[in-house]
Amino acid sequence: MANSTVALRAYGDGLHLIIRPHLSISEVEAAIEQEITRMNRSLAGASVQIDLKSPTLKEEEIELLSSKLQQTYDLTVRGVEVADEPVLPPIAAAPTTHVISPTTDTRTSRDSEPSRIVAHTIRSGQTEEFPQGSLIIYGDVNSGSEVKAGGDIVVLGTLRGSAYAGMNGRLSAVIIAMDFAPLKLQIGNYVNRSSVSQEPRGYPEIARIGAEDVIIVEKFVKF
Amino acid sequence: MGKVIVVTSGKGGVGKTTSTANLGTALALLGKTVAVVDADVGLRNLDIVMGLESRIVYTSMDVIEKQCELSKALVRDRRVDGLMLLAASQKNNKDDIQPEQMKAICDKLRTTHDFVLVDSPAGIERGFSNASAGADEAIVVTTPDVSAIRDADRIIGLLQNARIEPINLVLNRFSPQLVGNGSMMDQADVLDILNIELIGVVPEDSGVITSTNRGIPLVYEDGSPGAQAYMRIARRLTGQRIPIHNFEQKGILNNILNWFTRKR
Ligand SMILES: Nc1ncnc2c1ncn2[C@@H]1O[C@H](COP(=O)(O)OP(=O)(O)OP(=O)(O)O)[C@@H](O)[C@H]1O
Ligand SMILES: [Mg+2]
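Colleague: Would you take a moment to explain the overall build of chain B for this structure?
Modeller: Secondary structure summary: chain B contains 12 helices and 8 strands in total. Over its C-alpha atoms chain B spans a radius of gyration of 18 Å, differing by no more than 12% from the 18 Å that the globule rule assigns to 264 residues. Considering only C-alpha atoms, chain B reaches an extent of 65 × 35 × 35 Å along its principal axes. Sorting the 264 residues of chain B into buried and exposed places 47% on the buried side.

Encoded structure:
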């Protein structure tokens, strides 16, 4: 992807300007300029819908952005939506989680991160949490239980409960399980409940944030 | 010194009381001295299932309140040697008893009995803490359905935190027919999730209901599949090594039929 902060996409209902987690409004503006230049054609007179993938833009900032789009590119903003999936509601709902944009994330190197090994099955009602780094479970994560890690989550058994990797905002975090049948997946502020198979497929699978900003689950081979 | 075993489940109605009554009786039939303790204060029914309801004078509450000696509160089952019941008070509730008080009773009972089986109430609250307070080991009863299994999993976690082990699993109300046509979880699936030792599988048996109503534990009439299953579990509890009966084994014809019904 040329530009990870914003993306301009054409959908059935017209143009969408997707704004992902970012550092500042000026970063967003620069990214928009880059993206529109990349389009290499005039958008004058078109209308665009802003899809906020991150709740970090304030209302005044959106207003400012809208008038800028109008003035500079003759683009009319026809609506603003905070995408409900796969983005969580505003951060206030989860006070311990703060969102860091991928570009400012300095801890993407999983090699330098601490990890904790849990050598038993996590059972219904139990939570295993390791915000400092990655979690490795020598057992199952059963339905009704929860594992949370600042970094990756690796389950050397069956994942049936919910897993939350990158809980400090590290969007490069992944969730790997030998048998993959989770109730809920979350990486950073991206949530996935539905599109995951409830039946293990018989091979290890990995969940990560894919190019389309959704959590994708695929066969795990190796890094 | 006897063993104290709590019979518990998480979910209600999966067969804790049935299992306690039948295993207690079966162990006595095998020549062991057994005390079965009803820890379901306020909702007691172990006495009914064992047919001893009419003979109860004192309960564990009376023992705790020092209204009577423990030995006087025990009701002897006249049908078999060495089997006693300690009933729960029906007029109190679970918060009227402290875990330490239950533990004291269990510790006393283990000096005079080979096995002390404690019938736990459903749930993970006080009733469960009381029932498990004095236990060395646990028997977790579950039926092969998702919600019972999840609750069993929860209880196993709590038992493990309390350092109670081993934790043995009784899979109750198992129906080979339902497994065969794909509408019930099979033994392997249940064990894969719960990951504890299986001590026995008790099939769905209509005899359980009639025996409950008559107050005669199934194991007294050892013809039924349920009775045989409980006898095998009792033998395993005494240390005998008996292979787990495979109810799922079916003929080739059955397999083919299932294959066809599953396809449709
Ligand atoms: N193997 C079985 N086959 C048929 N019916 C059974 C079987 N096991 C238990 N039942 C029936 O299920 C019902 C509940 O059993 P039981 O009272 O032993 O469960 P429980 O776990 O003690 O319940 P509670 O949580 O209310 O104490 C009873 O009606 C009993 O007869
Ligand atoms: Mg009961």
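Colleague: Could you clarify how one ought to interpret the overall build of chain A in this entry?
Modeller: The number of helices and strands found in chain A is 2 helices and 15 strands. Here chain A holds 223 residues, and the buried ones make up 35% of them. In chain A, 40% of the contacts between residues at least 6 apart in sequence involve partners at least 24 apart.

Colleague: How should I be thinking about the site of ligand 1 in this particular structure?
Modeller: All names here are of chain B. Around ligand 1, a shell composed of 20 residues is seen, among which Gly12, Lys16, Thr17, Thr18 and Ala122 lie nearest. When contributions to the shell around ligand 1 are tallied by element, the ones reaching two or more residues are helix H1 (16–29), strand E7 (167–174) and helix H10 (206–214). In terms of residue class, the shell around ligand 1 is made up of 6 nonpolar, 9 polar and 5 charged.

Colleague: Sorry if this is basic, but what is going on with unusual backbone geometry here?
Modeller: Glycine aside, residues mostly have negative phi, and peptide bonds are mostly found in the trans state. Residues and elements named next belong to chain B. Cis peptide bonds are those with omega within 30 degrees of zero, and the linkage from Glu165 to Pro166 qualifies with 5°. Considering the arrangement of structural elements, one finds Pro166 in the loop between helix H7 (146–161) and E7. For Arg163, which is not glycine, the phi torsion reads 60° and is therefore positive. The exposed category is assigned to Arg163, around which 7 C-beta atoms lie within 10 Å.

Colleague: I would appreciate a short explanation of the nonpolar core in the present structure.
Modeller: In terms of nonpolar packing, the biggest core is built from 79 residues, with Ile5, Leu85, Val116, Leu117, Val118 and Tyr230 of chain B touching the most fellow members. With near-sequence residues (within four places) excluded, Ile5 of chain B lies in contact with Phe115, Val116, Leu117, Ala135, Glu137, Ala138 and Ile139 of chain B. Grouped together as the second largest cluster of nonpolar side chains are 29 residues, Ile122, Leu171, Ala207 and Val217 of chain A included.

Colleague: How should I be thinking about the pairing of strand E6 (residues 137–142) of chain B in this particular structure?
Modeller: Successive residues of a regular strand alternate their side chains across the two faces of the sheet. All names here are of chain B. With 5 of 6 residues buried, E6 lies mostly within the body of the structure. Pairing of strand E1 (residues 3–8) with E6 involves 4 bridges; the strand directions are parallel. Bridge pairing in E6 places Thr8 opposite Val140. Bridge count for E6 against E7 is 5 bridges, and the pairing is parallel. Directly across from Ile139, in E7, lies its bridge partner Asn168. With H7 bridging E6 and its parallel neighbour E7, the resulting β-α-β unit is right-handed.

Colleague: I would appreciate a short explanation of the interface of chain A and chain B in the present structure.
Modeller: In this assembly, 9 residues from chain A lie in contact with 7 residues from chain B. Each residue belonging to the side of chain A that touches chain B can be placed in one class, and the counts come to no nonpolar, 7 polar and 2 charged.

Colleague: What's the story with the sheet that holds strand E12 (residues 184–187) of chain A in this structure? I'm lost.
Modeller: Strands in a sheet are paired, the pairing made by backbone hydrogen bonds, and the direction either parallel or antiparallel. All names here are of chain A. With mixed pairing, 5 strands are arranged side by side in an open sheet as E6-E8-E10-E12-E13. Only two strands of the sheet have a single neighbouring strand rather than two, namely strand E6 (127–130) and strand E13 (190–192). Strand-to-strand twist of the sheet, defined as the mean angle between neighbouring strand axes without regard to direction, takes the value 5°. Two elements, strand E8 (residues 146–149) and strand E10 (residues 162–165), share 3 bridges in a ladder whose sense is parallel. Counterpart to Lys148 in the pairing with E10 is Tyr164.

Colleague: Would you explain the confidence of the model for chain B in this entry?
Modeller: One rule of thumb: low pLDDT means the predicted coordinates there are not for detailed reading. A residue-level look at chain B finds 94% of positions with pLDDT of 70 or above and a mean pLDDT of 93. Predicted as a complex, the structure gets a pTM of 0.74 and an ipTM equal to 0.80.

Colleague: Whenever I open this one, H7 of chain B confuses me. Can you help?
Modeller: Residue pairs three or four apart in sequence face the same way in an α-helix, which turns once every 3.6 residues. Residues and elements named next belong to chain B. In a regular helix each residue adds 1.5 Å, so 16 residues correspond to 22 Å; H7 covers 23 Å between its end C-alpha atoms and thus fits that length. For H7, a buried count of 12 out of 16 residues is recorded, marking the element as mostly surrounded by other parts of the structure. For H7, every residue scored as buried is listed here: Ala148, Ile149, Arg150, Asp151, Ala152, Asp153, Arg154, Ile155, Ile156, Gly157, Leu158 and Leu159. Residues of H7 that are buried make contact with E1, helix H6 (126–132), E6, E7 and helix H9 (187–194).

Colleague: How do you make sense of the sheet that holds strand E15 (residues 215–219) of chain A when you look at a structure like this?
Modeller: All names here are of chain A. Strand order across the open sheet formed by 6 strands is E5-E7-E9-E11-E14-E15, with mixed pairing between neighbours. The open sheet has two edge strands, strand E5 (115–118) and E15, and neither has a second partner. Neighbour-to-neighbour, the strand axes of this sheet turn through a mean angle of 25°, independent of strand direction. In the sheet, strand E11 (residues 175–180) pairs with strand E14 (residues 205–209) via 3 bridges, with the strands oriented antiparallel.

Colleague: I tried to follow the environment of Gly15 of chain B on my own but got confused; where do I start?
Modeller: Residues and elements named next belong to chain B. Turning to its location among the elements, Gly15 is positioned in the loop between E1 and H1. Taking the C-beta count within 10 Å as the criterion, Gly15 has 21 such neighbours and is therefore assigned buried. Distance from Gly15 to Thr142, taken between C-alpha atoms, is 7.6 Å for residues 127 residues apart in sequence. Here Gly15 is in contact with Val141, Asn172 and Arg173, once residues within four sequence places are set aside.

Colleague: Can you walk me through the packing of H1 of chain B against helix H11 (residues 225–237) of chain B in this structure?
Modeller: Relative placement of two packed helices is described by the angle separating their axes and the distance separating the axes. All names here are of chain B. The contact between H1 and H11 brings their axes to 9 Å, and the two run at 65°. Between H1 and H11 lies a crossing whose hand is right-handed. Where H1 approaches H11, its residues Asn22, Leu23, Ala26 and Leu27 are matched on the opposing element by Tyr230, Met231, Ile233, Ala234 and Leu237. Residues belonging to the contact of H1 with H11 are distributed by class as follows: 8 nonpolar, 1 polar and no charged.

Reading guide: rules and limits
- Residues numbered from 1 in each chain as written.
- Chains lettered and ligands numbered in written order.
- Predicted model: local features only at pLDDT ≥ 70, side-chain atom pairs only at ≥ 80, totals over all residues.
- Helix = DSSP H or I, 4+ residues; strand = E, 2+ residues; numbered from the N terminus.
- Rg over C-alpha atoms; globule rule 2.2 N^0.38 Å.
- Buried ≥ 20, exposed ≤ 12 C-beta atoms within 10 Å, placed from the backbone.
- Contact = placed C-beta atoms within 7 Å.
- Near = placed C-beta within 6 Å.
- Nonpolar A, V, L, I, M, F, W, Y, C, P; charged D, E, K, R; others polar.
- Core = buried A, V, L, I, M, F, W, Y, C linked by C-beta atoms within 7 Å.
- Pairing = 2+ DSSP bridges.
- Right-handed = clockwise from strand over helix to strand, strands pointing away.
- Axes fitted to C-alpha atoms, helices over the stretch in contact; angles between N-to-C directions.
- pLDDT = per-residue confidence, 0-100.
- Expected span 1.5 Å × (residues − 1).
- Left-handed = near helix turned anticlockwise from the far one by under 90°.

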